[in-house]
Amino acid sequence: LRVFSVVLHTVTLIPGDGIGPELANHVCELFRFCCVPVDFEVVNVDSSMDSEEDINNAIMAIRRNGVALKGNIETNHNLPPSYKSRNNLLRTTLDLYANVMHCQSLPGVRTRHRNIDVMIIRENTEGEYSSLEHESVPGVVECLKIITKTKSLRIADYAFRTARAKGRGRVTAVHKANIMKLGDGLFLECCKEVASGYPDITFDSMIVDNTTMQLVSRPQQFDVMVMPNLYGNVVSNVCAGLVGGPGLVPGANYGEDYAVFETGTRNTGKSIANQNTANPTAMLLASCLLLDHLRLHAYARMIRRAILSTVTETRLHTADLGGQGSTSEVVRSVMKAVQSTGPLTLSI
Amino acid sequence: YVSFLWSYTKKCVIIILSLNVMFLYSASQIQTVTLIPGDGIGPEISTAVMEIFDAAKAPIQWEERNVTAIQGPGGKWMIPPDAKESMDRNKIGLKGPLKTPIAAGHPSMNLLLRKTFDLYANVRPCVSIEGYKTPYTDVDLVTIRENTEGEYSGIEHLIVDGVVQSIKLITEQASQRIAEYAFEYARNNQRASVTAVHKANIMRMSDGLFLRKCREAAEKHKDVKFTEMYLDTVCLNMVQDPTQFDVLVMPNLYGDILSDLCAGLIGGLGVTPSGNIGANGVAIFESVHGTAPDIAGKDMANPTALLLSAVMMLRHMGLHGHAKKIETACFDIIRDKKVLTKDLGGNSKCSEFTKAICQRVRDLD
């Protein structure tokens, strides 16, 4: 008599705003279909509320479960500074210090550049996102960018460890140390220090404005890139655009103890919400990253393969890829592709 | 009836005479422009521009000046007084690349120039060059970058060992000035819209202030469309479809990054013009590439960036006819692909490229 025991993972699910809720539903739908042993604990965050109660509940849930899948929570930037970005609060409170985005050219998606394979590792908790601002004199605002040795060493180490683990040969630090000599200078020093401990990996650096210029002319030259928060924001959006847009690239936020998965470019997609036109690929691929994190590799592989075969099918491309397919058509196609891989879906 | 005819004839004669005087006045009005050749390839590309302007019979007289940093009384670094005097007098300048020596003890020359003339707006029109292919066609946008404050305030502190604080300064005054300049530029150059680029979701107070000033300027220029967009969204959309953008206005750092990104779209710094607008009517146009010491003096340099900046200068001065002529000649030669410098994919010398443009300019007359 063999007893099969299934570990059921509880994962916090924060639908967010805009296209978030519909994409979250599709993930649930797909997981149910594939019999993935994940139980989603849905925590809603109402971005229109002044109080931080909702986001604190979400943070507590993530502390409990250790892992989350999240949609973007809208920030009304016309509200006073006391209303902080909920997304940023979540990242900094849980100390999700590494934002990782793997941008790869996908077959079947037409872009101006081919053969892009860049891994962007962005410091996710300090830098320009420290939310420290004050108006010292009326009409004069100071915004503080904080760079610390600890966090810079930490993210640099994460970058090199990841490069080694994934068999990638080169890490490029992106900075503006010629202007911000102390701040970005410190970041660069930390990267150099960590690099010396990884002689098998080539290390170089590039100034951020030159980096964006290089990215739009020859993005194939980049391998792994590590950088402080704001440049990470710029570079990851440029790279996502180069491989086909916000609908395709998943993103991951890793901390010492927690991990939160989302779409790479963190858009709410307000203008296309509830129209069944959003591209679910990025969110579905994010859920595969989640499965890998939970060591449910077989499920991750199966679903990822199905997603990639679907995205190759130009007839199913959503509007962002120049097609007329609907979100539900794409999800249905993924499910069909999963089903065709055989009995794995029906086991357990 | 005779007296009516006589007064009518008098009026006609006066109008015709004054028109002639105006025509003669503008045609013979030679304007003096301060020329800073710069370092490295600077002198040779400046010579190229002067030759082309000569061939185009542009009413420009060049006054060459050098800008090596000197220390004034009290130890304060400044540009040579004769350079300052020339620029203050002429108001318009053309500048080649300046080298920034490390550990020379003085700030970068570009920074000194910026501070001396309060060059608050950096304007970079990025237009796809027909004949110089990049993956992006039909780019036609302008980035207007606040150039005096923001993240480049240079104020940094070591709080405790291992903790650095860099200060980004946004002031109401500078934001208002750049916002108004952006709308004026849009109006004067028949551009339909201005987009403010910001990250006010994260930097609520600073970018929020910048955004407010842009909105206020928009109110005063209702004929120009105004939109706001997050920096990351601009980057995301720019690399997918740059044709959706027109005039972009933003604080210093975002401007630095975006203007270089846009230069990359059309082919790089070797073909991108740039202008710096200062207070008191001063405007310095410059090529933004480096000094290229490895090819300096070898007649290999590409003068396109400096030439297009000079064309931008002519437009700023109202000399649209000459601007168009020189620009057309330059684009024609690039499109013909017969005589191109190495960076443009050919193997001609700088002097050959220049001569080809001069010939085309003369042919266009």
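Residues numbered from 1 in each chain as written. Chains lettered and ligands numbered in written order. Predicted model: local features only at pLDDT ≥ 70, side-chain atom pairs only at ≥ 80, totals over all residues. Heavy atoms only, no water.

- By the naming in an unreviewed UniProt entry, chain B is Isocitrate dehydrogenase [NAD] subunit, mitochondrial, taken from Sander lucioperca.
- Of the comments in the UniProt record for chain B, the one headed Catalytic activity (unreviewed entry) reads "D-threo-isocitrate + NAD(+) = 2-oxoglutarate + CO2 + NADH".
- Reading the Sequence similarities (unreviewed entry) entry of the UniProt record for chain B gives the comment "Belongs to the isocitrate and isopropylmalate dehydrogenases family." (UniProt positions renumbered as here; feature names shortened; annotations may be inferred.)

- In the nomenclature of an unreviewed UniProt entry, chain A is known as Isocitrate dehydrogenase [NAD] subunit, mitochondrial of Sander lucioperca.
- The UniProt entry for chain A carries the following comment under Sequence similarities (unreviewed entry): "Belongs to the isocitrate and isopropylmalate dehydrogenases family."
- Taken verbatim from the UniProt record of chain A, the Subcellular location (unreviewed entry) comment is "Mitochondrion".

## As for the overall build of chain A
Right, so step 1: Helix and strand counts for chain A stand at 10 helices and 12 strands.
Right, so step 2: Compactness check: chain A gives a C-alpha radius of gyration of 20 Å against a globular reference of 20 Å for 348 residues, within 12% of the reference.
Right, so step 3: Judged by the C-alpha coordinates and their principal axes, chain A covers about 65 × 50 × 50 Å.
Right, so step 4: With 348 residues in all, chain A has 61% of them scored as buried.
Right, so step 5: Of the contacts made within chain A by residues no fewer than 6 positions apart, 74% connect residues no fewer than 24 positions apart.
Right, so step 6: When the accessible surface of chain A is summed, it comes to about 14200 Å², and 52% of that surface belongs to carbon and sulfur atoms.
Right, so step 7: The average position of the 34 basic charges and that of the 34 acidic charges among the side chains of chain A differ by 8 Å. (Helix = DSSP H or I, 4+ residues; strand = E, 2+ residues; numbered from the N terminus. Rg over C-alpha atoms; globule rule 2.2 N^0.38 Å. Buried < 20%, exposed > 50% of the residue type's maximum accessible area, 1.4 Å probe, protein only. Contact = heavy atoms within 4.5 Å. Areas by Shrake-Rupley, 256 points an atom, 1.4 Å probe, with all protein chains shown as cover. Lys, Arg positive; Asp, Glu negative; His and termini not counted. Charge placed at Lys NZ, Arg CZ, Asp CG, Glu CD.)

## With respect to the overall build of chain B
Right, so step 1: Each helix and strand counted, chain B has 11 helices and 14 strands in total.
Right, so step 2: Relative to its length of 365 residues, chain B is compact, with a C-alpha radius of gyration of 23 Å against a globular reference of 21 Å.
Right, so step 3: Over its C-alpha atoms, taken along the principal directions, chain B stretches across nearly 90 × 55 × 50 Å.
Right, so step 4: Counting over 365 residues, chain B shows a buried share of 55%.
Right, so step 5: A fraction of 73% describes how many contacts in chain B between residues 6 or more apart in sequence connect residues 24 or more apart.
Right, so step 6: Summing over all exposed atoms, chain B offers an accessible surface of approximately 15900 Å²; the carbon and sulfur share of this is 56%.
Right, so step 7: Taken together, the 39 basic and 41 acidic charged side chains of chain B have centroids lying 4 Å from each other.

## Regarding the packing of helix H1 (residues 20-33) of chain A against helix H10 (residues 327-339) of chain A
All names here are of chain A.
Right, so step 1: The N-to-C vectors of H1 and H10 enclose an angle of 20°; their axes lie 11 Å apart at closest approach. Viewed along their axes, H1 and H10 adopt a mutual orientation that is roughly parallel. For H1 against H10, the interelement crossing comes out right-handed. Side by side, H1 and H10 meet where Leu23, His26, Glu29, Leu30 and Phe33 of the first sit next to Thr327, Ser328, Val331, Val334, Met335, Val338 and Gln339 of the second.
Right, so step 2: Its residues assigned to classes, the contact of H1 with H10 shows 7 nonpolar, 4 polar and 1 charged. (Axes fitted to C-alpha atoms, helices over the stretch in contact; angles between N-to-C directions. Parallel < 35°, antiparallel > 145°, perpendicular 65-115°, else oblique. Left-handed = near helix turned anticlockwise from the far one by under 90°. Nonpolar A, V, L, I, M, F, W, Y, C, P; charged D, E, K, R; others polar.)

## As for the interface of chain A and chain B
Right, so step 1: Of the residues lining the interface, 57 residues belong to chain A; the matching set on chain B comes to 50 residues.
Right, so step 2: There are 1 salt bridge connecting chain A and chain B.
Right, so step 3: A salt bridge links Asp256 of chain B to Lys176 of chain A; the nearest nitrogen and oxygen atoms lie 2.8 Å apart.
Right, so step 4: Summed over the shared surface of chain A and chain B, the result is 22 residue pairs in polar contact (both at pLDDT 80 or more).
Right, so step 5: Elements with a minimum of two residues in the side of chain A that touches chain B: strand S6 (127-137), strand S7 (140-148), helix H5 (183-195), helix H6 (208-217) and helix H7 (229-243) of chain A. (Salt bridge = Lys/Arg side-chain N within 4 Å of Asp/Glu carboxyl O. Polar contact = N/O pair within 3.5 Å; in protein donor to acceptor, adjacent residues only side chain to side chain.)

## A short note on the packing of helix H9 (residues 297-312) of chain A against H10 of chain A
Residue and element names in this part refer to chain A.
Right, so step 1: Where H9 meets H10, the closest approach of the two axes is 8 Å, and the angle between their N-to-C directions is 125°. With respect to their mutual orientation, H9 and H10 come out oblique. Here H9 and H10 pass one another in a crossing that is right-handed. Each of Met302, Ile303, Ala306, Ile307, Ser309 and Thr310 in H9 lies in contact with H10, whose residues at this interface are Val330, Ser333, Val334, Ala337 and Val338.
Right, so step 2: A per-class count over the contact of H9 with H10 returns 8 nonpolar, 3 polar and no charged.

## Observations concerning helix H10 (residues 320-336) of chain B
Residue and element names in this part refer to chain B.
Right, so step 1: With 17 residues, H10 ought to run about 24 Å at 1.5 Å a step, and its terminal C-alpha atoms sit 24 Å apart, in line with that.
Right, so step 2: Residues of H10 that are buried: Ala323, Lys325, Ile326, Glu327, Ala329, Cys330, Asp332, Ile333 and Ile334.
Right, so step 3: Structurally, H10 contributes buried residues whose contacts are with helix H2 (42-55), helix H9 (304-316) and helix H11 (350-364).
Right, so step 4: Two residues or fewer past H10, Lys337 is found with a positive phi of approximately 65°. (Expected span 1.5 Å × (residues − 1).)

## Structural notes on the sheet that holds strand S10 (residues 193-198) of chain B
Residue and element names in this part refer to chain B.
Right, so step 1: A sheet is described by the order of its strands in space; here 10 strands give the open sequence S2-S1-S5-S14-S13-S6-S7-S12-S10-S11, paired in mixed fashion. The sheet is open, and its two borders are formed by strand S2 (60-64) and strand S11 (225-230), each paired with just one other strand. Neighbour-to-neighbour, the strand axes of the sheet open up by a mean angle of 25°, direction not taken into account.
Right, so step 2: The sheet contact formed by strand S7 (residues 140-146) and strand S12 (residues 247-250) spans 4 bridges and is parallel. Considered in S12, the bridge of Val142 is made with Val247.
Right, so step 3: Set on the sheet, H9 makes contact with strand S1 (31-36), S2, strand S5 (92-95), strand S6 (119-127), strand S13 (273-278) and strand S14 (283-287); between it and S14 the angle comes to about 160°. (Pairing = 2+ DSSP bridges.)

## Some remarks on the environment of Thr277 of chain A
Residue and element names in this part refer to chain A.
Right, so step 1: Tracing the backbone through its elements, the reader meets Thr277 in the loop between strand S12 (259-263) and helix H8 (281-293).
Right, so step 2: The class for Thr277 is partly exposed, based on a relative accessible area of 27%.
Right, so step 3: Between the alpha carbons of Thr277 and Pro21 there is a distance of 13 Å; along the sequence they are 256 residues apart.
Right, so step 4: If we skip the residues at most four places from it in the chain, Thr277 touches Ile272, Thr318, Ala319 and Thr327.

## Considerations on the side chain of Glu142 of chain A
Right, so step 1: Checked against the element boundaries, Glu142 of chain A lands in strand S7.
Right, so step 2: For the buried Glu142 of chain A, no salt bridge exists, and the shortest N-O distance to an oppositely charged side chain is 13 Å, to Lys168 of chain B.
Right, so step 3: Each residue touching Glu142 of chain A, except ones within four places of it in the same chain, is listed here: Leu132, Glu133, His134 and Ser136 of chain A together with Ile167, Lys168 and Leu169 of chain B.

## Notes on H9 of chain B
An α-helix turns once every 3.6 residues. As a result, residues three or four positions apart point the same way.
Residue and element names in this part refer to chain B.
Right, so step 1: For H9, built from 13 residues, the straight-helix expectation of 18 Å at 1.5 Å per residue is met to within 8% by its first-to-last C-alpha distance of 18 Å.
Right, so step 2: Of all 13 residues making up H9, 11 are buried, and the element is well covered by its neighbours.
Right, so step 3: Listed as buried for H9 are Thr304, Ala305, Leu306, Leu307, Leu308, Ser309, Ala310, Val311, Met312, Met313 and Leu314.
Right, so step 4: At the exit of H9 stands Gly318, carrying a positive phi of roughly 90°.

## Observations regarding the pairing of S1 of chain B
All names here are of chain B.
Right, so step 1: With 5 bridges joining them, S1 and S2 adopt parallel strand pairing. Along S2, the bridge assignment pairs Val33 with Trp62.
Right, so step 2: Each parallel crossover has a hand, and for S1 linked through H2 to S2 it is right-handed.
Right, so step 3: Relative to S5, S1 runs parallel, the two sharing 3 bridges. The partner of Ile36 across the bridge, within S5, is Lys95. (Right-handed = clockwise from strand over helix to strand, strands pointing away.)

## Focus: the environment of Tyr258 of chain A
Right, so step 1: Tracing the chain through its elements places Tyr258 of chain A in the loop between strand S11 (250-254) and S12.
Right, so step 2: With near-sequence residues (within four places) excluded, Tyr258 of chain A lies in contact with Ile62, Arg63, Gly66, Leu94, Leu96 and Asn253 of chain A.

## Regarding the pairing of strand S8 (residues 170-175) of chain A
In regular strands, side chains alternate between the two faces of the sheet.
Residue and element names in this part refer to chain A.
Right, so step 1: Burial analysis of S8 places 5 of its 6 residues in the buried class, the great majority of the element.
Right, so step 2: Strand direction decides the pairing type here: S8 and strand S9 (residues 202-207), joined by 6 bridges, are parallel. Residue pairing for S9: Val171 is matched across the bridge by Phe203.
Right, so step 3: Each parallel crossover has a hand, and the one from S8 via H5 to S9 is right-handed.
Right, so step 4: Here S8 runs beside strand S10 (residues 224-227); their pairing, made up of 3 bridges, is parallel. Note on S10: the bridge partner recorded for Val171 is Val224.

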